[in-house]
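Structural overview for review
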Amino acid sequence: MRGVVMIEIGRARSQIQSAELQKDSLVAKTMSHQQVDDAEYMADEYEMEDVDDDMDEEFRGREMGGSDSEVDEYDYMNNKMADTSAAQARRGKDIQGIPWDRLHITREKYRQTRLEQYKNYENIPQSGEGSEKECKITKKGGRYYEFRRNSRSVKSTILHFQLRNLVWATSKHDVYLMSHFSVIHWSSLTSNKAEVLNVAGHVAPCEKHPGSLLEGFTQTQVSTLAVKDRLLVAGGFQGELICKYLDRPGVCFCTRTTYEDNAITNAVEIYTTPSGALHFTASNNDCGVREFDMEKFQLSKHFRFPWPVNHTSLSPDGKLLIIVGDNPDGILVDARTGKTVMPLVGHLDFSFASAWHPDGLTFATGNQDKTCRIWDARNLSKSVAALKANLGAIRSIRYTSDGRFMALAEPADFVHVYDAKNGYEVEQEIDFFGEISGMSFSPDTESLFIGVWDRTYGSLLEFGRRRSYSYLDSVL
């Protein structure tokens, strides 16, 4: 995209090339009869008419060092790009550090242009328009999470435009994310980052387990990521799975789910079984869902479905599994046998996100028809609500561990936080500019992290949960 905050088409291509994403890897993800259209979308996704020629010149000038904003853009004492703090935001500074007052367009006008011109990717034409009539009207203005900091030295990146689960928080101060060929740990407490795993070269396991590929992998293109309970699992474009315990040196386990051409790992979910064992599931483009037991480092289950699986979510009691993928209808299956319990009928396009509410009674699915549907497992004849996005597909869904809030991430610019406890009637709309690489609530619900991919304004946004301590007011 062109404009002050978004990537021009040439920049998007160079970003992809620098990450060594090959065209055939992109095509491998997409539905066979849509391959050409999908590959071409990598250009269309980032293409937008000029909003303002002068603004575009301002953007290019800053890249070439011709801007008068060096003091704002860089903290020379620390040799890093200047962050934005909560105090600065309260004084009126843009949370991403965009100098709107020096540009020839207002933030409001640029936002309106984005809303009008952004092109949502669809596998099924007009699916976004077709879903609008069913959508719930929600009230905006909720204030659940407040801005804390924008860290511009943390560069979150994306390799596949449909897969956006590359940011994971393990505490209110600790977050893990992909940055090119590295998994980075960022501490918001100390503002320090450290490389946890580098897959640019050769990666091989330092432990021996049955089924582990001791030869490892070279230059793995990481398509998805999960981090939980000290375990990190990275999935690759060629079906690679790389497992690392954060409290142990080196990689503990490497395997390849399939040697088929259509091998991309679309999603990984880590969970603890009712017996206390640590497992994870991998959703794959070869139509398979595989469960791995990380106590024994072995494949424990392998289910196959009629279409590529883009995401799965296991119910809190471990009995049911949501399956969504390259089909408008999802499936709820028995987690033990893989047999269908009930189809999920309502979406109009392919789905890439799902999540269970912690109560185990309701769950959510996200689709390229620009909706998130809420389902009640006790009555699956139809969804109980459909929530509408602003720009594009729902690429990621997260619930807080207490079940109070649910967050939806669009491909770019918007994360919506809903009051799930009160029927999804009210939402907080978090509004910024840039492609979203992932988002994650911290396990204690206190923090929300959002990865933003942009050549100039790429960063990690941090929000903190607002608390109402009314009992203190009575004391004052």
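Residues numbered from 1 in each chain as written. Predicted model: local features only at pLDDT ≥ 70, side-chain atom pairs only at ≥ 80, totals over all residues. Heavy atoms only, no water.

Another aspect to go through is the overall build of the chain. Regarding its fold elements, the chain presents 9 helices and 33 strands. In the chain, which comprises 476 residues, the proportion classed as buried is 61%. Contacts spanning at least 24 positions in sequence make up 54% of the contacts within the chain whose residues lie at least 6 apart. When the accessible surface of the chain is summed, it comes to about 19400 Å², and 49% of that surface belongs to carbon and sulfur atoms. (Helix = DSSP H or I, 4+ residues; strand = E, 2+ residues; numbered from the N terminus. Buried < 20%, exposed > 50% of the residue type's maximum accessible area, 1.4 Å probe, protein only. Contact = heavy atoms within 4.5 Å. Areas by Shrake-Rupley, 256 points an atom, 1.4 Å probe, with all protein chains shown as cover.)

This next bit is on the layout of surface pockets. Computed from the structure, the largest pocket encloses a volume of approximately 960 Å³. Along the walls of the largest pocket sit 40 residues, with W168, K228, E269, I270 and Y399 positioned nearest its centre. For the lining of the largest pocket, the secondary-structure elements that each account for two or more residues are β6 (167–169), β12 (222–228), β16 (265–272), β20 (309–314), β24 (351–356), β28 (396–399) and β31 (426–441). Considering every element that reaches the lining of the largest pocket, the biggest residue donor is β16, with 6 residues. In terms of residue class, the lining of the largest pocket is made up of 19 nonpolar, 16 polar and 5 charged. (1 Å grid on protein atoms, 1.4 Å probe; cavity = no way out; pocket = protein on both sides within 12 Å on 5 of 7 lines; lining within 4 Å. Points joined across faces, edges and corners; volume = space filled by probe spheres on them. Nonpolar A, V, L, I, M, F, W, Y, C, P; charged D, E, K, R; others polar.)

Below, the discussion takes up the sheet that holds strand β26 (residues 371–376). Read across the open sheet, the 4 strands follow the order β24-β25-β26-β27; overall the sheet is antiparallel. Two strands close off the open sheet at either side, each with one partner strand: β24 and β27 (385–388). Between one strand axis and the next, the sheet turns by 20 degrees as a mean value, whatever way the strands run. In the sheet, β26 pairs with β27 via 4 bridges, with the strands oriented antiparallel. What sits directly across from C372, in β27, is L387. (Pairing = 2+ DSSP bridges. Axes fitted to C-alpha atoms, helices over the stretch in contact; angles between N-to-C directions.)

Here the focus is the packing of aromatic side chains. What characterises a pair of aromatic rings is the spacing of the ring centres plus the angle enclosed by the ring planes. Scanning all chains against the criterion turns up 14 aromatic pairs. For R248, the ring lying beneath its charged end belongs to Y245, and the centroid distance is 4.2 Å. The side chain of R395 reaches across the aromatic face of F352, ending 5.0 Å from its centre. (Phe/Tyr/Trp six-rings, centres within 6.5 Å; stacked < 30°, edge-to-face > 60°. Lys NZ or Arg CZ within 6 Å of the ring centre and 35° of its normal.)

Summarising the sheet, strand β21 (residues 320–325) and strand β22 (residues 327–334) pair through 5 bridges and their orientation is antiparallel. If you follow L320 over to β22, its bridge partner there is D334. A loop of 1 residue connects β21 with β22, the two strands running antiparallel in sequence. By the bridge criterion, 4 bridges tie β22 to strand β23 (residues 340–344) in an arrangement that is antiparallel. Looking at the pairing, I331 lines up with P343 of β23. Hairpin geometry of β22 and β23 is characterised by an intervening segment of 5 residues between the two adjacent antiparallel strands and by a positive phi of about 80 degrees at G338.

This part covers the environment of E429. Take E429: it is sitting in strand β31. Take E429: its relative accessible area is 27%, and that puts it in the partly exposed class. Distance from E429 to G141, taken between C-alpha atoms, is 7.3 Å for residues 288 residues apart in sequence. Setting aside residues no more than four positions away along its own chain, E429 makes contact with K140, N390, F414, V415 and H416. Polar side-chain contacts of E429 include one of 2.8 Å to the side chain of K140. (Polar contact = N/O pair within 3.5 Å; in protein donor to acceptor, adjacent residues only side chain to side chain.)

Our focus in this paragraph is the confidence of the model for the chain. Per-residue confidence for the chain gives a mean pLDDT of 85, with 81% of residues at or over 70. Overall, residues 1–79 carries pLDDT values under 50, and its contacts beyond four positions in sequence, including any with other chains, amount to 178 contacts. Note that residues 472–476 has pLDDT below 50 and, in this model, 0 contacts with residues that lie over four places away or in other chains. (pLDDT = per-residue confidence, 0-100.)

With respect to the helices and strands, the residue N266 is situated in strand β16. Relative accessible area serves as the criterion here: at 1%, N266 is assigned to the buried category.

Here we take up the nonpolar core. Among the nonpolar cores identified, the biggest contains 36 residues, and L225, F280 and M294 are the most heavily contacted of them. For this core, the secondary structure elements donating two or more residues are β7 (174–179), β12, β13 (231–236), β14 (240–245), β15 (253–256), β16 and β17 (278–284). Counting 19 residues, the second-largest nonpolar core is a separate cluster that includes F432, I436, L448 and I450. (Core = buried A, V, L, I, M, F, W, Y, C linked by side-chain atoms within 4.5 Å.)

With that settled, consider the pattern of salt bridges. When the charged atoms of two side chains lie near each other, side chains of opposite charge can form a pair. Scanning the entire structure with this criterion turns up 19 salt bridges. The partner of R467 in a salt bridge is E446, and the shortest N-O contact between them spans 2.3 Å. Of the two residues, R467 is situated in the loop between β33 (459–465) and α9 (470–475) and E446 in the loop between β31 and β32 (447–453); the sequence distance between them amounts to 21 residues. By relative accessible area, which is 18% here, E446 ends up buried. Within this structure, D94, R107, R111, R114, D413 and D431 form a network of salt bridges that share partners. (Salt bridge = Lys/Arg side-chain N within 4 Å of Asp/Glu carboxyl O.)

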